[in-house]
Amino acid sequence: DLNAVDHHSHVVNGVEVMDGVNVVYSLGNFCFGGNRNPDDKRCIIFQQSFGITESGEIVDAGINIIPASVSGRSDTNDYQPRILEGDAGASLLKNVAKISNLTPEDTIWMESSYEIQNGIIATNAANDGDLQ
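Throughout what follows, the structure given in this document is the object of discussion. A quick note: this is a predicted structure, and the numbers were derived from the prediction, not measured.

## Observations regarding the overall build of the chain
- In terms of helices and strands, the chain carries 2 helices and 6 strands.
- Reading the secondary structure of the chain in the N-to-C direction produces β-β-β-β-β-β-α-α.
- Relative to its full complement of 132 residues, the chain shows a buried share of 39%.
- For the chain, the share of sequence-separated contacts (at least 6 apart) that also reach a separation of at least 24 residues comes to 52%.
- For the chain, the exposed surface amounts to about 7,600 Å²; the carbon and sulfur share of it is 47%.

Below, the structure is given as structure tokens:
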């Protein structure tokens, strides 16, 4: 296995690499239809790209962590997820970085990743973030 993704906690949690496997502890409530107005509408989209070597080995070709919201509105759930931009997107990704065990300089980022395009996750922050 090259990845493990969980979603049950209903809130965004950290990301780490364990024994060469990307572990995403929770995406939050992406495309969540079970609550008309969840308290925390933040979520992430985790993209993983794979490559195949000439010998047929499957290898990590990069990740992308995209900040998003389950709703296009803040006062209710309109069931129309959207990518967060600007300060809202930066804030969510900085919080994900704080609670993640990713070393950005050792992480393989997809060439078109949100991180490469926006330079959001700049440090491997202590594991004391405010997302639980």
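## Points about the pairing of strand β2 (residues 15-18)
- Taken together, the 4 bridges between β2 and strand β3 (residues 21-24) define a ladder with antiparallel strand orientation. When the bridges of β3 are listed, valine 17 appears paired with asparagine 22.
- The loop that links β2 with its antiparallel partner β3 comprises 2 residues; one of these, aspartate 19, has a positive phi angle of about 55°.

## Digging into the pattern of salt bridges
- Tallied over the full model, the rule gives 2 salt bridges.
- Here arginine 42 and aspartate 40 are joined by a salt bridge, their closest N and O atoms 2.9 Å apart.
- By relative accessible area, arginine 42 is classed as partly exposed at 27%.
- A salt bridge links aspartate 75 to arginine 73; the nearest nitrogen and oxygen atoms lie 2.6 Å apart.
- Exposure remark for aspartate 75: the relative accessible area of 48% places this residue in the partly exposed category.

## Brief notes about the nonpolar core
- Counting residues in hydrophobic clusters, the biggest one holds 15 residues, and the most contacted among them are Val15, Ile44, Phe46, Ile63, Ile65, Leu92 and Val96.
- When contributions to this core are tallied by element, the ones reaching two or more residues are β4 (42-52), β5 (58-69) and α1 (86-98).

## A few points about α1
- The end-to-end C-alpha separation of α1 is 18 Å, in line with the 18 Å expected for 13 residues at 1.5 Å each.
- For α1, the full list of buried residues reads Gly89, Ala90, Leu92, Leu93, Asn95, Val96 and Ala97.
- Elements that come into contact with the buried residues of α1 comprise β2, β4, β5 and α2 (114-118).

## Let's talk about the sheet that holds β4
- Taking strand neighbours across the sheet as the criterion, the 3 strands line up as β4-β5-β6 in an open arrangement whose pairing is antiparallel. In the strand order of this sheet, the two ends are held by β4 and β6 (82-83), each with one partner.
- Note: β5 against β6, 2 bridges, orientation antiparallel. The residue bridging alanine 68 from the neighbouring strand is isoleucine 83, located in β6.

## Re the side chain of serine 71
- Mapped onto the secondary structure, serine 71 falls in the loop between β5 and β6.
- Take serine 71: its relative accessible area is 0%, and that puts it in the buried class.
- In this structure serine 71 touches Lys41, Thr76, Asn77, Asp78, Gln80, Pro81 and Arg82, once residues within four positions along its chain are discounted.

Each value, and the rule that gives it
- Per-chain numbering applies: the sequence of each chain, read as written, is numbered from 1 onward.
- Local features in a predicted model are, by the rule used here, given only for residues with pLDDT of at least 70; side-chain atom pairs are given and counted only at 80 or more, and totals for whole chains, interfaces and linings are based on all residues.
- With hydrogens and water excluded, all non-hydrogen atoms of the structure serve as input to the side-chain values.
- Secondary structure follows DSSP: runs of H or I at least 4 residues long count as helices, runs of E at least 2 residues long count as strands, and numbering of each begins at the N terminus.
- Burial status follows relative accessibility: with a 1.4 Å probe on protein chains alone, a residue under 20% of its type maximum counts as buried, one over 50% as exposed, and anything between as partly exposed.
- In what follows, a contact means two residues having at least one pair of non-hydrogen atoms within 4.5 Å.
- Per-residue accessibility takes into account occlusion by the displayed protein chains alone, with areas from the Shrake-Rupley method and a 1.4 Å probe.
- Strand pairing follows a simple DSSP-based rule, namely that at least 2 bridges must link the two strands.
- The term salt bridge refers to a pairing of a side-chain nitrogen on Lys or Arg with a carboxyl oxygen on Asp or Glu at a separation within 4 Å.
- Take the buried residues of types Ala, Val, Leu, Ile, Met, Phe, Trp, Tyr and Cys, join any two whose side-chain atoms come within 4.5 Å, and each joined set is a nonpolar core.
- The length a helix should cover is 1.5 Å for every residue beyond the first.

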